[in-house]
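Spelled out, the chains give:
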Amino acid sequence: MPVATHTRSTLLLLLTMLVWGSTFMVTKELVALWPPLTVAFVRVALGTLVLLPMAWKRHRREERLPWGTLWLMGLIGVALYYFVFNVAMVHVSASQGALVQSSIPAMTALVAVLWLRERASPLRWLGIAMSVGGVLIVFSGSTADGGESAWLGNFLMFASVVFWAVYTALAKRVAGFDPIVISVAVTGTGALLLLPMASYEIVMASLAGEGLPMLPLVGWLEMLYLGVIASGLAYVLYNGSLRHLDASEVGVYTNLIPIVGVLTGVIMLGEPLSTRAIVGGVVVMFGVWITSRSERETAVTA
């Protein structure tokens, strides 16, 4: 591969990680203005609309999609994921949420072992255990200061980790189809499932005499950023980088997402970060590194 191509792909991947890492901060600001499920629906709907023209061109009319699996993926990986993620962001800081979500690779490995019956070495089990232990440390660092609300937020954020891990396992069933077509089908079904919940929030706000508040200009820009950039164009950039980079290399860069999430929360929002939260985050990241290393070693020996 030419050096220029590898460099360009790496830069695209880094840009994607920066975008996805910043979504914690942006979501935190938006759920302070609009109800969390309404924010989730608008974000997913915008992302679907951005990718729809590309998916329409790439989809072969004679190809039959596995709609049963796609609806299940839309339920778990979109509707339920954004339900718990956005509600969690009401109760915890952006940096706190990013630390909890850093355990996604290890939880995905655990689901693969328990559900898909993938082989797990002792090193892999160690990495999973360390990641879970790190999350518990993060929990203890926030609940001591934030009380019941912080506990609820952490629990919901960890639920989003589990939902995403299950979604990733389900995605293996549709690995043979075009990724953009599958993405649009999943986000489209997810948006349809989120619509009743978002409508309920809007109706309840109207009955309370408040209605849905008007978003300021910066709020609309943040919404467009989440929907068009983070849920739409970033996916295209991510797939573009995958054409020229190894999966193991890409996996290393995804570890930047929680780091960016923590930094943007602390720097841009001025969020405090307890010592226990920092220690827990380091333990999680080390566990993720051990898990990914064991997976690479298994792939080499297989």
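Refer to the structure presented above.
Cut-offs used in this document
- Residues numbered from 1 in each chain as written.
- Predicted model: local features only at pLDDT ≥ 70, side-chain atom pairs only at ≥ 80, totals over all residues.
- Heavy atoms only, no water.
- Helix = DSSP H or I, 4+ residues; strand = E, 2+ residues; numbered from the N terminus.
- Buried < 20%, exposed > 50% of the residue type's maximum accessible area, 1.4 Å probe, protein only.
- Contact = heavy atoms within 4.5 Å.
- Salt bridge = Lys/Arg side-chain N within 4 Å of Asp/Glu carboxyl O.
- Phe/Tyr/Trp six-rings, centres within 6.5 Å; stacked < 30°, edge-to-face > 60°.
- Lys NZ or Arg CZ within 6 Å of the ring centre and 35° of its normal.
- Axes fitted to C-alpha atoms, helices over the stretch in contact; angles between N-to-C directions.
- Parallel < 35°, antiparallel > 145°, perpendicular 65-115°, else oblique.
- Left-handed = near helix turned anticlockwise from the far one by under 90°.
- Core = buried A, V, L, I, M, F, W, Y, C linked by side-chain atoms within 4.5 Å.

### As for the overall build of the protein
- Across its full length, the protein holds eleven helices and zero strands.
- Ordered by position from N to C terminus, the α and β elements of the protein give α-α-α-α-α-α-α-α-α-α-α.
- Counting all 302 residues of the protein, 47% fall into the buried class.
- Across the protein, the fraction of contacts at a sequence separation of at least 24, relative to all contacts at a separation of at least 6, is 90%.

### What about the pattern of salt bridges?
- One pass over the structure, following the stated rule, counts two salt bridges.
- The salt bridge partner of Arg58 is Asp178, with a shortest N-O separation of 2.9 Å. Residue Arg58 is located in helix H2 (residues 36–58), and its partner Asp178 is located in the loop between helix H6 (122–171) and helix H7 (179–207); the two are separated by 120 residues in the primary sequence.
- With a closest N to O distance of 2.8 Å, Arg60 and Glu63 form a salt bridge.
- You can call Glu63 buried: its relative accessible area is 17%.

### Quick notes on the packing of aromatic side chains
- Throughout the structure, instances matching the rule amount to seven aromatic pairs.
- With 5.8 Å between their ring centres and 15° between their planes, Tyr81 and Phe85 make a pair best called stacked. Placement of both Tyr81 and Phe85 in helix H3 (residues 67–91) is noted, with a separation of four residues, approximately one turn of the helix.
- Relative to Phe155, the ring of Trp151 lies with its centre 5.6 Å away and its plane at 5°, an arrangement referred to as stacked. Here Trp151 pairs with Phe155, and both are found in helix H6, just four residues apart, close to one helical turn.
- Put simply, the rings of Phe24, Tyr81, Tyr82, Phe85, Trp164 and Tyr167 pair up and form one aromatic cluster.
- One Lys or Arg, Arg61, reaches over the ring of Trp56 and ends 4.6 Å from the middle of that ring.

### Thoughts on the side chain of Ser183
- Within the secondary structure, Ser183 sits in helix H7.
- Not counting residues up to four positions away in its chain, the partners in contact with Ser183 are Leu51 and Tyr235.

### Focus: the packing of H2 against H3
- Here H2 crosses H3 at 135°, and the two axes come no closer than 8 Å. Viewed along their axes, H2 and H3 adopt a mutual orientation that is oblique. The interaxial crossing formed by H2 with H3 has right-handed handedness. Note on element contacts: H3 touches H2 through Val78, Tyr82, Phe83, Asn86, Val87 and Val90, opposite Pro36, Leu37, Val39, Ala40, Arg43 and Val44.

### Some details on the nonpolar core
- In terms of nonpolar packing, the biggest core is built from 63 residues, with Trp20, Leu70, Met73, Val100, Ile182 and Val186 touching the most fellow members.
- Counting residues in each nonpolar core, the second largest holds nine residues, with Val26, Val42, Leu215 and Leu226 among its members.

### Some remarks on the environment of Val174
- Tracing the backbone through its elements, the reader meets Val174 in the loop between H6 and H7.
- Here Val174 falls in the buried class, since its relative accessible area comes to 5%.
- Measuring from C-alpha to C-alpha, the distance between Val174 and Pro66 comes to 7.7 Å, with 108 residues separating the pair along the chain.
- In this structure, Val174 is in contact with Pro66, Thr69, Leu70, Met73 and Ile182, ignoring residues within four places of it in sequence.

### A few points about the side chain of Ser131
- If you trace the backbone, Ser131 turns up in helix H6.
- Judged by relative accessible area, which is 1%, Ser131 ranks as buried.
- Beyond its immediate sequence surroundings of up to four residues, Ser131 is in contact with Ala106, Val284, Gly287 and Val288.

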